[in-house]
Amino acid sequence: MDCQYRTDLGKRAANYQPLTPLTFLERAAEVYPHHPAIIHGNRNWSYKSFYDRARQLASSLRKHGVRSGDTVSAMLANTPAMLEAHFGVPMSGGVLHSLNTRLDAAAVALQLHHAMTKVLIVDREFSDIVRAAVEQVPIKPLVVDYNDSEYSNLGPPLSDIDYNDFVASGDLEFQWQAPVDEWSAISLNYTSGSTGVPKGVVYHHRGAALMCYSNVLAVGMVRHPVYLWTLPMFHCNGWCFPWTLSLVGGTHVCLRWVRGQIVRDLIEKHNVTHLCGAPAVMSVLADASTDDVSRPHPGVRFAHAAAPPPQ
């Protein structure tokens, strides 16, 4: 008996959408518009605000010439700007290159040159290193300064373009496009160079999205987790957690530096449920003093990597 239905249906909008983590933020802004998405010091951003700023960043990047496949580099600490870049850069069609903030100028210059960086967003804590790096690059990227309101020891400005002004100049209703091919690059990372010349590693939209689903399962995230940024976002794109939290409507708690007592205080203040890092972060946290070790806490899930955790 002949088959009564077709089995050779092609891909179309009704039955196929490329996988990308960008849709997670779009959905979170629609479903949880007023839920806190980002906390940084005494400031916080709702999911609606987060999505709006990501679209504005994407729009402004497009206005400044960023096109599909262009590299946008970011030398940023674990701040709201870095979270916005994880969405805004690929929404523009660009590829996010997160620079290791611990590298010297020569290593940064090598990466900027190899990546053919078109726009470079710089936290002014790292101004001196980036200035020296840009001087070594033959083709100069457009530099945008990020002035963190929670950091007072700012280095000299590298540009007359302020990040918040750059974002504000973008279209609030910018209609970003998901990638046509889910294998399109979403980010570019480099090895540290400790064993030779740094090597570039590309993430695609599909891989990033699948990693987000895996993260939710692996660390036991349910709706509205609170995640503390003890893991550098420049490290493998923070293991894809910048995108993952939007999948479950979670809250990012930003942190510039890992200091034991500060981490403990933020866990207590914001009822943190999850954090990640190398075992050294566990040691810092375990060694931190506390005024009241008997105070009950529901517990924090810690995802670690690189080596066995300390005993």
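Residues numbered from 1 in each chain as written. Predicted model: local features only at pLDDT ≥ 70, side-chain atom pairs only at ≥ 80, totals over all residues. Heavy atoms only, no water.

> Got a minute to help me understand the sheet that holds strand 1 (residues 36-40) in this structure?
In sheet architecture, strand pairing relies on hydrogen bonds along the backbone and comes in two forms, parallel and antiparallel. Judged by pairing direction, the sheet is mixed, and its six strands sit side by side in the order 2-1-10-9-11-12 without closing on themselves. Only two strands of the sheet have a single partner each, and these edge strands are strand 2 (43-46) and strand 12 (301-304). Averaged over neighbouring strand pairs, the angle between their axes works out to 20° when direction is ignored. Here strand 1 runs beside strand 10 (residues 251-253); their pairing, made up of two bridges, is parallel. Directly across from Ile39, in strand 10, lies its bridge partner Val253. Its contacts with the sheet put helix 2 (residues 47-63) on strand 1, strand 2 and strand 10, and the angle it makes with strand 2 is roughly 80°. Contacts from helix 10 (residues 260-270) reach strand 1, strand 9 (226-228), strand 10 and strand 11 (274-277), with the element oriented near 170° to strand 9. (Pairing = 2+ DSSP bridges. Helix = DSSP H or I, 4+ residues; strand = E, 2+ residues; numbered from the N terminus. Axes fitted to C-alpha atoms, helices over the stretch in contact; angles between N-to-C directions. Contact = heavy atoms within 4.5 Å.)

> Looking at this structure, I do not really get the sheet that holds strand 3 (residues 71-75). What am I missing?
A sheet is described by the order of its strands in space; here six strands give the open sequence 6-5-3-4-7-8, paired in mixed fashion. Where the open sheet ends on each side, the last strands, each with one partner, are strand 6 (142-146) and strand 8 (200-204). The mean angle between the axes of side-by-side strands here comes to 20°, regardless of whether they run parallel or antiparallel. As paired strands, strand 4 (residues 95-98) and strand 7 (residues 185-190) are joined by two bridges and run parallel to one another. Of the residues in strand 7, the one forming a bridge with His97 is Leu188. Each of strand 3, strand 4, strand 5 (117-123) and strand 7 touches helix 4 (residues 105-115); the most contacted strand, strand 7, lies at about 150° to it.

> I'm lost on the nonpolar core in this one. Help?
Proteins that are soluble and globular tend to have nonpolar side chains buried together. Met91 and Phe241 are the most contacted members of the largest nonpolar core, which totals 58 residues. Discounting residues that sit within four places of it in the chain, Met91 has contacts with Leu22, Leu25, Tyr51, Ala54, Arg55, Ala58, Phe174, Trp176 and Gln177. (Core = buried A, V, L, I, M, F, W, Y, C linked by side-chain atoms within 4.5 Å. Buried < 20%, exposed > 50% of the residue type's maximum accessible area, 1.4 Å probe, protein only.)

> How do you make sense of the pairing of strand 2 when you look at a structure like this?
The two faces of a sheet get side chains in turn, since along a regular strand they alternate between them. With four bridges connecting them, strand 1 and strand 2 associate as antiparallel partners. For Ile39, the partnering residue across the bridge sits in strand 2 and is Asn44.

> Sorry, what's going on with the packing of helix 10 against helix 11 (residues 279-287) here?
Each packed pair of helices is defined by two parameters, the angle between the axes and the distance between the axes. Where helix 10 meets helix 11, the closest approach of the two axes is 8 Å, and the angle between their N-to-C directions is 80°. Considered as vectors, helix 10 and helix 11 are oriented roughly perpendicular to each other. In this structure, helix 10 uses Gly260, Val263, Arg264 and Ile267 to contact helix 11, whose residues at the interface are Val284, Leu285 and Ala286. Counted by class, the contact of helix 10 with helix 11 contains five nonpolar, one polar and one charged residues. (Parallel < 35°, antiparallel > 145°, perpendicular 65-115°, else oblique. Nonpolar A, V, L, I, M, F, W, Y, C, P; charged D, E, K, R; others polar.)

> What should I look at first to understand the packing of aromatic side chains in this one?
Pairs of aromatic rings are described using the distance from one ring centre to the other and the angle between the two planes. All chains considered together, the criterion is met by seven aromatic pairs. Here Phe50 and Phe87 contribute two aromatic rings whose centre-to-centre distance is 5.5 Å and whose plane-to-plane angle is 85°, an arrangement assigned as edge-to-face. Here Phe50, found in helix 2, pairs with Phe87, found in helix 3 (residues 80-91); they are 37 residues apart in sequence, far enough to count as distant. Consider the rings of Tyr146 and Tyr163, whose centres lie 5.4 Å apart with planes at 90°: the pair is edge-to-face. Of this pair, Tyr146 sits in strand 6 while Tyr163 sits in helix 6 (residues 163-168), placing them 17 residues apart in sequence. Take Tyr146: its relative accessible area is 6%, and that puts it in the buried class. Here Tyr163 falls in the buried class, since its relative accessible area comes to 1%. The aromatic ring of Tyr16 is capped on one face by Lys11, whose charged end is 4.5 Å from the ring centroid. A cation over an aromatic ring shows up here: Arg256 above the ring of Tyr151, its NZ or CZ 4.3 Å from the ring centre. (Phe/Tyr/Trp six-rings, centres within 6.5 Å; stacked < 30°, edge-to-face > 60°. Lys NZ or Arg CZ within 6 Å of the ring centre and 35° of its normal.)

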